[in-house]
Amino acid sequence: MQSRNSRLNSSALRGAVDLAAVKAAGEAAQKAEQTRAERARQAAAGEGPALADYPLVLDVTEETFEVEVVQRSAEVPVVVDFWAEWCGPCKQLSPVLERLAEEYAGRIVLAKIDVDANQLIAQQFGIQGIPAVMAVVAGQLVPLFQGAENEANVRKILDQLIAVAEQRFGIVGGAAGGGQGAAAEPRVPADPALEAAHDALDRGDLAGAVRAYQNVLSDRPGHVEAKLGLAQAQLLQRVEQLDPQQVRAEAAADPKDVPAQLRAADLDLVGGHVEDAFGRLVDTVARTFGDDRDAARLRLLELFEVIGPEDPRTVAARQALARVLF
């Protein structure tokens, strides 16, 4: 199992930063622990199946979604593959996902959903194109990727998902498929300084989280996970006291008011409107000069850190930024 130092660095958990996310994660983790304890009690008493008795790949319908995906996600990350018979890229991706689900031997479960037969679920997930792959961990939705991906990238994303499931929710999965899973990998000792920073963020102590991440970076300036944590904590800290209605009114009233555009971009990102946040700041860079341009550019680079350098939206915004700068 990967350590907390392998915290997800792709778009999977960074597509939107919600001010309530820390509290929701804590509540979800507590609920997941309660569900695991109850399932263990039932298995010990012979009242229900153990995790090892569940299949690794299963077809899910609207009728079985609650049990097979939501409830199961309290014990193991459930990867959800949205597909259709007519979808060519789906036929390339689905076998990769199925093979990896078997290889991971219970650390994930793959739920396959035919969007034609289960249109309500597809609508609820906001599926606009397939193949689309998401995950559910402790009842929390985790967007992963859309479109066909090669096996190496899928493997990397699944590794990151497994690490975050353990880090945020204490969910480690386990041997499944009739008990044929591989032995658990040795756990890597946690980094106490980084753990302190994560714990502060989990408690909603944003100032404490900022200080703790800065302490890590003072000793290890290139620490990727600490950079991400600091960027997230600082973003949440900036928007914590903002009045969204006032901020958006000020930004709309004067596109040349750079501080107003920075505040609005922060709110856009926290609300999950990533492209809007990036586009607002690229436009601000394009229309300003000197210190104002530098301020907008630097804020955009900070938000890139929150979303992740490999996210397609970050890549597109970097290209747009380069066009207006050069």
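Presented here is an overview of the structure given in this document. (Residues numbered from 1 in each chain as written. Predicted model: local features only at pLDDT ≥ 70, side-chain atom pairs only at ≥ 80, totals over all residues. Heavy atoms only, no water.)

Describing the nonpolar core
Here's step 1: Ranked by internal contacts, the top residues of the largest apolar core, which has 28 residues, are Leu-235, Leu-269, Phe-278, Leu-300 and Leu-303.
Here's step 2: Per-element tally for this core: the top contributor is helix H10 (residues 258–270), with 8 residues.
Here's step 3: In this structure, Phe-82, Cys-90, Val-115 and Ala-132 belong to the second largest nonpolar core, which totals 24 residues. (Core = buried A, V, L, I, M, F, W, Y, C linked by side-chain atoms within 4.5 Å. Buried < 20%, exposed > 50% of the residue type's maximum accessible area, 1.4 Å probe, protein only. Helix = DSSP H or I, 4+ residues; strand = E, 2+ residues; numbered from the N terminus.)

Quick word on the packing of aromatic side chains
Here's step 1: Under the definition given, this model contains 3 aromatic pairs.
Here's step 2: Look at Phe-65 and Phe-125: their rings are 5.6 Å apart centre to centre, the planes differ by 85 degrees, and that puts the pair in the edge-to-face class. Of this pair, Phe-65 sits in helix H2 (residues 65–71) while Phe-125 is found in the loop between helix H4 (119–124) and strand S4 (132–137), placing the two residues 60 residues apart along the sequence.
Here's step 3: Taking 5.0 Å as the distance between ring centres and 85 degrees as the angle between the ring planes, the aromatic pair formed by Phe-278 and Phe-304 counts as edge-to-face. Here Phe-304 lies in helix H12 (residues 290–307) and Phe-278 lies in helix H11 (residues 274–287), a separation of 26 residues in the sequence. Comparing Phe-278 with Phe-304 shows no difference in burial state: the two are buried. (Phe/Tyr/Trp six-rings, centres within 6.5 Å; stacked < 30°, edge-to-face > 60°.)

Observations regarding the state of the cysteines
Here's step 1: Counted according to the given criterion, the structure contains 1 disulfide.
Here's step 2: What pairs with Cys-87 in a disulfide is Cys-90, and their sulfur atoms sit 2.4 Å apart. What sets the handedness of the Cys-87 and Cys-90 disulfide is the S-S torsion sign, and at about 80 degrees it is right-handed.
Here's step 3: The class of Cys-87 is buried, set by a relative accessible area of 2%. (Disulfide = S-S within 2.5 Å.)

With respect to the environment of Asp-257
Here's step 1: Of note, Asp-257 is situated in the loop between helix H9 (244–253) and H10.
Here's step 2: Residue classification places Asp-257 among the partly exposed positions, given a relative accessible area of 26%.
Here's step 3: Considering only alpha carbons, one finds Asp-257 and Asp-292, 35 residues apart in sequence, at a separation of 9.1 Å.

A look at helix H3 (residues 88–103)
Here's step 1: Across its 16 residues, H3 extends 24 Å between first and last C-alpha, which sits within 8% of the 22 Å expected from 1.5 Å per residue.
Here's step 2: Residues Cys-90, Leu-93, Ser-94, Val-96, Leu-97, Leu-100 and Ala-101 constitute the buried set of H3. (Expected span 1.5 Å × (residues − 1).)

Focus on the packing of helix H8 (residues 224–239) against H10
Here's step 1: Here H8 crosses H10 at 115 degrees, and the two axes come no closer than 10 Å. Considering only the axes of H8 and H10, their crossing is left-handed. Contact residues: H8 offers Leu-235, Arg-238 and Val-239, while H10 offers Asp-266, Leu-267, Leu-269 and Val-270. (Axes fitted to C-alpha atoms, helices over the stretch in contact; angles between N-to-C directions. Left-handed = near helix turned anticlockwise from the far one by under 90°. Contact = heavy atoms within 4.5 Å.)

Details of the pairing of strand S5 (residues 140–146)
Here's step 1: Across 6 bridges, the pairing between S4 and S5 is antiparallel. Bridged to Ala-135 within S5 is Val-142.
Here's step 2: In this antiparallel pair of consecutive strands, S4 and S5, the connection spans 2 residues, and Ala-138 shows a positive phi of 50 degrees. (Pairing = 2+ DSSP bridges.)

Looking at the packing of H12 against helix H13 (residues 312–325)
Here's step 1: One can describe the packing of H12 onto H13 by two numbers: an axis separation of 10 Å at closest approach and a directional angle of 165 degrees. Put simply, H12 runs roughly antiparallel to H13. Viewed along their axes, H12 and H13 form a crossing whose handedness is left-handed. Contacts between H12 and H13 involve Arg-293, Arg-297, Leu-300, Leu-301, Phe-304 and Ile-307 from the former and Arg-313, Thr-314, Ala-317, Arg-318, Leu-321, Val-324 and Leu-325 from the latter.
Here's step 2: The residue inventory of the contact of H12 with H13, partitioned by class, reads 8 nonpolar, 1 polar and 4 charged. (Parallel < 35°, antiparallel > 145°, perpendicular 65-115°, else oblique. Nonpolar A, V, L, I, M, F, W, Y, C, P; charged D, E, K, R; others polar.)

None of this, on its own, says anything about what the molecule does.
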